[in-house]
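One-letter residues, chain by chain:
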Amino acid sequence: MKTALSFAMDFGSYAIKGGTKYYAWLLFLGFFILVGSYTAYLQFTQGLIVTGATDQITLESFFASFVFTAHVAAAAVLVVAPGYLYHRKDMKELAVIGEIVAMVFVATGITFVLFHMGRPDRTWHIMPGIGYMNFPNSMLAYDTIVLNVYLILNMIGVVYMLYKKYVGKFEAKQLAIWFKPIVFLAIAWGPLIHIVTAFVLASNARIGSWHTAVLPFAFLSMAGASGPALIILLFLLIRKNTKLVINDSVIDLMTTIIAWSLGIIILVFAAETFTLLYPGTEHASSLRYTMFGHNGLNMYVVWFWGVMVAIVGSFVALLFSKVRRSYDRLLPLVCFVVFVAILTEKPMVLVFPAFSPTPLGEYAEYHVTLIEFFNVLFVWAIGFLSLTLILKGAIGILTGEVRHDKSAVASQSGA
Amino acid sequence: MSEEKIIDLKDEDELRQGRRDFLKHVCTSSAAALVLTTTPSEAVDSASNPDADATVAEYFQGHFLLMSEEEKLKAIARLEKRYSAKYMKKTTVANTPAPDGVLFGYALDIGKCIGCRRCVHACVKENNQSRNDPEVQWIQVMKMPKGNIAFTADQLDKGYPEKSEFGDYGVQVGGNAYKTAGLSTEDAQNYYNDELVPDKDFFYMPVQCQQCEKPPCVKACPVRATFRDHAGVVLIDYNWCIGCRMCQLACPYHARRFNWGEPNLPAEEMNPKTHYFGNRPRMRGVMEKCTFCAQRTREGRNPACQEACPVGARKFGNLLDPNSDVRQVLATKRVFRFKEEAGTYPKFFYYIG
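The text that follows walks through the structure, step by step, so that each part is easy to find. Everything numeric here is computed off the predicted structure, so don't read it as measured data. Numbers given for residues are sequential positions, taken from 1 along each chain in its written order. Each chain is given a letter, starting from A, and each ligand a number, starting from 1, according to the order in which they appear as written. Where local features are concerned, this predicted model is filtered to residues with pLDDT of at least 70; where side-chain atom pairs are given and counted, the filter is 80 or more; whole-chain, interface and lining totals use all residues. Calculated side-chain values reflect all of the structure's heavy atoms, with hydrogen atoms and water omitted.

## Some words on the pattern of salt bridges
Residue and element names in this part refer to chain B.
Line of reasoning, step 1. By convention in these notes, a salt bridge is any Lys or Arg side-chain nitrogen within 4 Å of a carboxyl oxygen on Asp or Glu. By the definition in use, this model includes 22 salt bridges over all chains.
Line of reasoning, step 2. Where Glu299 meets Lys273, a salt bridge forms, and the shortest distance between an N and an O atom there is 2.8 Å. Here Glu299, found in the loop between α9 (294-297) and α10 (304-308), pairs with Lys273, found in strand β8 (residues 273-275); they are 26 residues apart in sequence, far enough to count as distant.
Line of reasoning, step 3. For Glu299, a relative accessible area of 31% gives the class partly exposed.
Line of reasoning, step 4. Among the residues examined, Lys273 registers a relative accessible area of 12% and is labelled buried. Secondary structure elements are taken from DSSP: a helix is a run of H or I of four residues or more, a strand is a run of E of two residues or more, and numbering for both begins at the N terminus. Residue burial is assigned from relative accessible area. The probe radius is 1.4 Å, only protein chains are included, and a residue is buried under 20% of its type maximum, exposed over 50%, and partly exposed in between.

## Concerning the interface of chain B and chain A
Line of reasoning, step 1. Whether two residues are in contact is decided by their heavy atoms: any pair within 4.5 Å suffices. On the chain A side, the residues contacting the 49 residues of chain B number 46 residues.
Line of reasoning, step 2. Carbon and sulfur atoms supply 54% of the area that chain B and chain A bury against each other, a total of about 3,800 Å² over both sides.
Line of reasoning, step 3. Accessible area that two parts lose when put together, evaluated with a 1.4 Å probe and summed over both, is termed the buried area. Considering only the surface of chain B that becomes buried against chain A, Leu249, Trp260 and Arg284 of chain B emerge as the three largest contributors, covering 21% of it.
Line of reasoning, step 4. Taken together, the connections running from chain B to chain A amount to one salt bridge.
Line of reasoning, step 5. Among the salt bridges present, the one from Glu60 of chain A reaches Arg245 of chain B, with a minimum N-O distance of 2.5 Å.
Line of reasoning, step 6. Whenever a nitrogen or oxygen atom comes within 3.5 Å of another N or O atom, the pair is scored as a polar contact, on the condition that within protein one atom can donate a hydrogen and the other can accept it, and that pairs from neighbouring residues in sequence are kept only if both atoms are in side chains. For the pair chain B and chain A, the number of links is 38 residue pairs in polar contact (both at pLDDT 80 or more).
Line of reasoning, step 7. Looking at the side of chain B that touches chain A, the elements that each hand over two or more residues are β3 (140-145), α7 (216-220), α8 (246-250) and β7 (257-258) of chain B.
Line of reasoning, step 8. Of all the elements, α8 of chain B adds the most residues to the side of chain B that touches chain A, at four residues.
Line of reasoning, step 9. The residue classification treats Ala, Val, Leu, Ile, Met, Phe, Trp, Tyr, Cys and Pro as nonpolar and Asp, Glu, Lys and Arg as charged. All others, Gly included, are polar. Considered class by class, the residues forming the side of chain B that touches chain A number 29 nonpolar, 10 polar and 10 charged.

## Describing the packing of helix α3 (residues 61-75) of chain A against helix α6 (residues 95-116) of chain A
Residue and element names in this part refer to chain A.
Line of reasoning, step 1. Note on method: axes are straight lines fitted to C-alpha atoms, helices fitted across the in-contact stretch only, with angles between N-to-C directions ranging 0 to 180 degrees. In contact at an axis separation of 8 Å, α3 and α6 are set at 165° when each is read in the N-to-C sense. Here α6 runs roughly antiparallel to α3, going by the angle between their axes. The hand of the α3/α6 crossing is left-handed. Here Phe62, Phe63, Ser65, Phe66, Thr69, Val72 and Ala73 of α3 lie close against α6, whose contacting residues are Val101, Ala102, Phe105, Val106, Thr108, Gly109, Phe112, Val113, Phe115 and His116.
Line of reasoning, step 2. Broken down by class, the residue content of the contact of α3 with α6 amounts to 12 nonpolar, five polar and no charged. Any angle that is under 35 degrees is reported as roughly parallel, and any over 145 degrees as roughly antiparallel; angles of 65 to 115 degrees are reported as roughly perpendicular and all others as oblique. A crossing counts as left-handed when the near helix is turned anticlockwise from the far one by less than a right angle, and as right-handed when that turn is clockwise.

## Some points on the environment of Arg82 of chain B
Residue and element names in this part refer to chain B.
Line of reasoning, step 1. Here Arg82 shows up in helix α5 (residues 69-87).
Line of reasoning, step 2. Residues Arg82 and Thr55, 27 residues apart in the sequence, show an inter-C-alpha distance of 8.5 Å.
Line of reasoning, step 3. Setting aside residues no more than four positions away along its own chain, Arg82 makes contact with Glu58 and Met283.
Line of reasoning, step 4. Side chain to side chain, Arg82 and Glu58 meet in a polar contact 2.8 Å long.

Spelled out as structure tokens, the structure:
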């Protein structure tokens, strides 16, 4: 108990120590949390009317962002799996970073869902026992289960790994017998949350552009691109600013995953576009609207083609080893482009245009309101703040700067 | 105009009828008697000073269908108290069960419909929807161009591809008949603002909740806040809905409306004769939709839209009764269901006179 307390204390005090840049980053996030607290207050007192959502386009940017967080959370297993499934030595230590990313992003996603709900105060209605969960009929009930289980699995993994490392008993023999099954379950659960999230959308037969069997494939390939893109950026930052050793081989593996995930995305888009546009039935209306506009409504056209250019461009760029090996310039740039492209794809291509035409033939555009925008930033800021603090503490433990054996503590501040 | 007056008179009759029902209800229910003891002045007081106990109790109440009879009476008494205070008039919240041996069905003659939207407004008036900013309407009337689109001889060689040795111009895009015609949502106008209806070049098709036998919304709801009663009507427990809008995503008829903000229902326009699953005032952040006027039809009356229709295009009745209007229509007319391909088996039928 005492050890656990000192673990929490040491972890916390290391996480909040840092250089000027580190504090500037925390302050930057703090600004959005401050503004966001006010806009969130407005939303929770006035209702979703402060967002741009309507009965025609009923999902707002919160739901779109939730799908994106599910991408990244699912993809974090790509950092865990090589170490545990393929026994790659260079990645076994880093597995905990993957689990931290998964944990924080799935928590961020759940927060987005709470912002999406009209009555977040009634969330308890879905809890079996005190409420009623429409299982096994409702896809959202499945999603609630898989997301929360994934969150718990990763929390157990993260805390246990860091704690064992902290007390210096991280050898295979010293780990509990239940630990490995938990890690493997978490690895299997990553794709699962994403497939279920895809089914939440694909189950709506009336929305032509979601009602397709390729949706889970599109989601998993986008996860494979956007998740590792973020992880490469994190690894490059960590490698530059802390003493944690991350080999080039790790970065190269992630780059390969991004490149071929992008390849699969292109194939999936091409297959979907062909299947819809060649026969040109009513199911193609929504895609045609996204690609070319409809009677002068063409807000999404530029986003659609912009995202397509970014995805194809990044794919082609990653085929050059010069780009892949440019760890300090080109590679982070490509990763940033991939991350932002898939982040904007969610609302502007996947979610908003899918609602047109409505069942009664209406076409509509979605205009994000300022309050909604700051609420999205609010949730992201909380997510990135947690990610920063937890990663910082974890790096302290992984590098051995934070450990239970006080005699060996090197009091040094990192990033 | 005379028709509107008749409708208004009818409504007043119903209101009187409603008050009689209210008194009957009070006599039989001790819980509701609490409402009677609230004098108007007290009611006003609690409006400015919301009854905290009632609100907290309401917050913790379970799914209405899973409550015991005693809990149901308590929940209804709470609501009646809150509504009476808020709208400054005696409000009843009925809990009339759906009648046994009845399957409600609806038939609408699109050949007769003139697009006057009296059904839309009668529905808003009856069902206590938000009135302005925004006005929530449960019925949406589509105005569709008739089939006689302009086919012109000078268009015969237009379209893509332009020329071929086969002479089949425009087989891909833009040929002479490259327009939707007839029953298609593609060119439907939902917000027409005509001074005179019907427009001779158009026909009209009102759409509301189709009361599907296999409702995708019920399947999608994660908390079972929406469900189908044994008379076949899909209802919502507004106090149980969590506002996730999965039902709205699932509905292929655009029949569900969400309370994006606090509903704006002026006290003087509020209809005080309500039903728990029907027209009682809703709160912010919950879903609502057509209930076939649960407050009326569960007491053997017709829905407000059916009564408001000036041309008799709307028929309502019991699908189990071979002599009901709806069954007569089904037996003798050319009937179809809207979006049959959605596999929802609506109990709302359209026909052409």
